[in-house]
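Examination of the molecular architecture
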Amino acid sequence: MAADSIPVAPLSIWEPVHLGTDELGRRVEVTLAERNMLIGGEPGGGKSVALQLIVAHGALSPDCRMILVDGKRVELGLWRDCAERFIGPSIDEAIDTLHWLQGQIDERTSWLLDNKMRKITSGLGWPVYLVPIDEVAYYSATVGTSIQQKEFNACNRDIVARGRAPGIIPVEATQRPSADIIPTSLRDLFGYRWAFRCSTEASSDTILGHGWANAGYSATEIDPQARGVSWLRAEDGIPRRVKAAYLTDEEIIYLADWAAQARSTHHVSGDADDARKVVQLLRKDGAA
């Protein structure tokens, strides 16, 4: 289970992920190892931009293995050469992948139990699995039969519930933040909730948690022209207003090619300036 090493590696999945800046211009970072995240918002609000930031960090972390699930293919497709699995519009493949992840959870938790440990640590050298799902509603409520959708939803909830200790990080995004897509029993399992502009207060609360809109933290009040502006809530915390950082398509292509080359050859071409450029891109800010 040891992760392959890359001699020159800019990042680690155990390090904080840069997401943007707050209203005072301070950097906003989250540590995703042992956590998970739910991202929601209407089209054009910045949800996909946010997902790219997290995937980029995972791709450039040699101790991270990525399982990319994207029914549209195009949102996460530029990173497919960095992924251990890339799932497109097939719900059968999505379900098969979730079953595989459940097997990884069972194997790892058995080892942890035998060795009297409650969770993995960076010192074990095991790769952490980052599992971004872009538009979870595509699989949970749109394609396939009702039986397949129920199977996907049951597997997904199990992975979100049990994945943290053995090093499985689901990051799920939807432009349909409603209770039928993200039921309370699933929503409440996510440690981080990131809400971009929503059309209703109910949708905002579906992401952030019940009652936050009435408390003054509503994604409906975000200006439709203010792409990337959002509310980010950590576990048991108060939502924080955040402007998400932004990667252009050209920068994503550069980062994805750099990461894919590093993963395929287990070394990084170029000099230290190239590595610094990669890190600087992931830590920049900007408007979508």
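Anyway, here's the lowdown on the structure attached to this text. Keep in mind that this is a model prediction, so the values were computed, not measured.

Criteria and thresholds
- Residues numbered from 1 in each chain as written.
- Predicted model: local features only at pLDDT ≥ 70, side-chain atom pairs only at ≥ 80, totals over all residues.
- Heavy atoms only, no water.
- Helix = DSSP H or I, 4+ residues; strand = E, 2+ residues; numbered from the N terminus.
- Rg over C-alpha atoms; globule rule 2.2 N^0.38 Å.
- Buried < 20%, exposed > 50% of the residue type's maximum accessible area, 1.4 Å probe, protein only.
- Salt bridge = Lys/Arg side-chain N within 4 Å of Asp/Glu carboxyl O.
- Core = buried A, V, L, I, M, F, W, Y, C linked by side-chain atoms within 4.5 Å.
- Contact = heavy atoms within 4.5 Å.
- Pairing = 2+ DSSP bridges.
- Axes fitted to C-alpha atoms, helices over the stretch in contact; angles between N-to-C directions.
- Parallel < 35°, antiparallel > 145°, perpendicular 65-115°, else oblique.
- Left-handed = near helix turned anticlockwise from the far one by under 90°.
- Phe/Tyr/Trp six-rings, centres within 6.5 Å; stacked < 30°, edge-to-face > 60°.
- Lys NZ or Arg CZ within 6 Å of the ring centre and 35° of its normal.

Turning to the overall build of the protein, a few remarks are in order. A count of helices and strands for the protein gives eight helices and ten strands. Here the C-alpha atoms of the protein give a radius of gyration of 18 Å, agreeing with the 19 Å that 2.2 N^0.38 yields for 288 residues. On the principal axes, the C-alpha backbone points of the protein span a range of 50 × 45 × 35 Å. A burial count over the protein gives 53% of its 288 residues as buried.

With that settled, the discussion passes to the pattern of salt bridges. Per the counting criterion, the structure on display carries 16 salt bridges. Between Asp-134 and Lys-72 there is a salt bridge, and its shortest N-O distance comes to 3.9 Å. Taken together, the positions of Asp-134 in strand 6 (residues 128-134) and Lys-72 in the loop between strand 4 (64-70) and strand 5 (85-87) put the pair 62 residues apart, joining distant regions of the chain. Residue classification places Asp-134 among the buried positions, given a relative accessible area of 1%. Linked by salt bridges that have partners in common, Lys-47, Lys-72, Glu-75 and Asp-134 make up one network.

Moving on, we get to unusual backbone geometry. For Glu-34, which is not glycine, the phi torsion reads 70° and is therefore positive. Of note, Glu-34 is situated in the loop between strand 2 (27-30) and strand 3 (37-40). Despite not being glycine, Arg-73 shows a phi value in the positive range, around 70°. You can see Arg-73 is positioned in the loop between strand 4 and strand 5.

The biggest cluster of nonpolar side chains holds 49 residues, and the ones touching the most others in it are Met-37, Ile-39, Met-66, Trp-79 and Trp-194. The greatest single-element share of this core, amounting to seven residues, is contributed by helix 1 (residues 47-59). Dropping the residues within four chain positions of it, Met-66 is found in contact with Val-55, Gly-58, Ala-59, Trp-79, Cys-82, Ala-83, Glu-84, Arg-85 and Leu-130. Core analysis: the second largest hydrophobic core is formed by 35 residues, Ile-91, Leu-186, Cys-198 and Trp-212 among them.

What follows is about the pairing of strand 1 (residues 17-22). If a strand is regular, its side chains alternate between the two faces of the sheet. Burial analysis of strand 1 places six of its six residues in the buried class, which makes it a mostly covered element. By the bridge criterion, three bridges tie strand 1 to strand 10 (residues 240-244) in an arrangement that is antiparallel. When the sheet's bridge partners are listed, Gly-20 is paired in strand 10 with Ala-244.

The mixed open sheet is built from ten strands, whose spatial order is 2-1-10-9-8-3-7-6-4-5. Of all strands in the sheet, those with a lone pairing partner are strand 2 and strand 5, marking the two edges. Strand after strand, the sheet turns through a mean of 25° between neighbouring axes, direction not considered. Pairing of strand 4 with strand 5 involves three bridges; the strand directions are parallel. Residue pairing in the sheet places Val-69 in a bridge with Ile-87 of strand 5. Across the face of the sheet, helix 2 (residues 91-114) comes into contact with strand 4, strand 5, strand 6 and strand 7 (168-174) while running at roughly 145° to strand 5. Relative to the sheet, helix 6 (residues 201-208) contacts strand 3, strand 8 (192-195) and strand 9 (229-233), its axis offset from that of strand 8 by approximately 155°.

Quick look at the packing of helix 1 against helix 7 (residues 249-265) now. Where helix 1 meets helix 7, the axes come as close as 9 Å, and the angle between the chain directions of the two elements is 25°. Judged by the inter-axis angle, helix 1 sits roughly parallel to helix 7. Handedness of the helix 1/helix 7 crossing: left-handed. On the side of helix 1, the interface is formed by Gln-52, Ala-56, Gly-58 and Ala-59, while helix 7 contributes Ile-252, Leu-255, Ala-259 and Arg-263.

Turning our attention to the packing of aromatic side chains. Inspection of every chain in the model, using the stated rule, returns seven aromatic pairs. When the ring of Trp-100 is compared with that of Tyr-129, the centres are 5.5 Å apart and the planes differ by 85°; the resulting orientation is edge-to-face. Taken together, the positions of Trp-100 in helix 2 and Tyr-129 in strand 6 put the pair 29 residues apart, joining distant regions of the chain. Assessed through its relative accessible area of 7%, Tyr-129 is described here as buried. Counting every residue linked through ring pairs, the aromatic cluster contains Tyr-138, Tyr-139 and Phe-152. Across from the ring centre of Trp-100, 4.5 Å away, lies the NZ or CZ of Arg-85, which sits over that ring.

Honestly, that's just the spatial picture; any functional story needs more than this.
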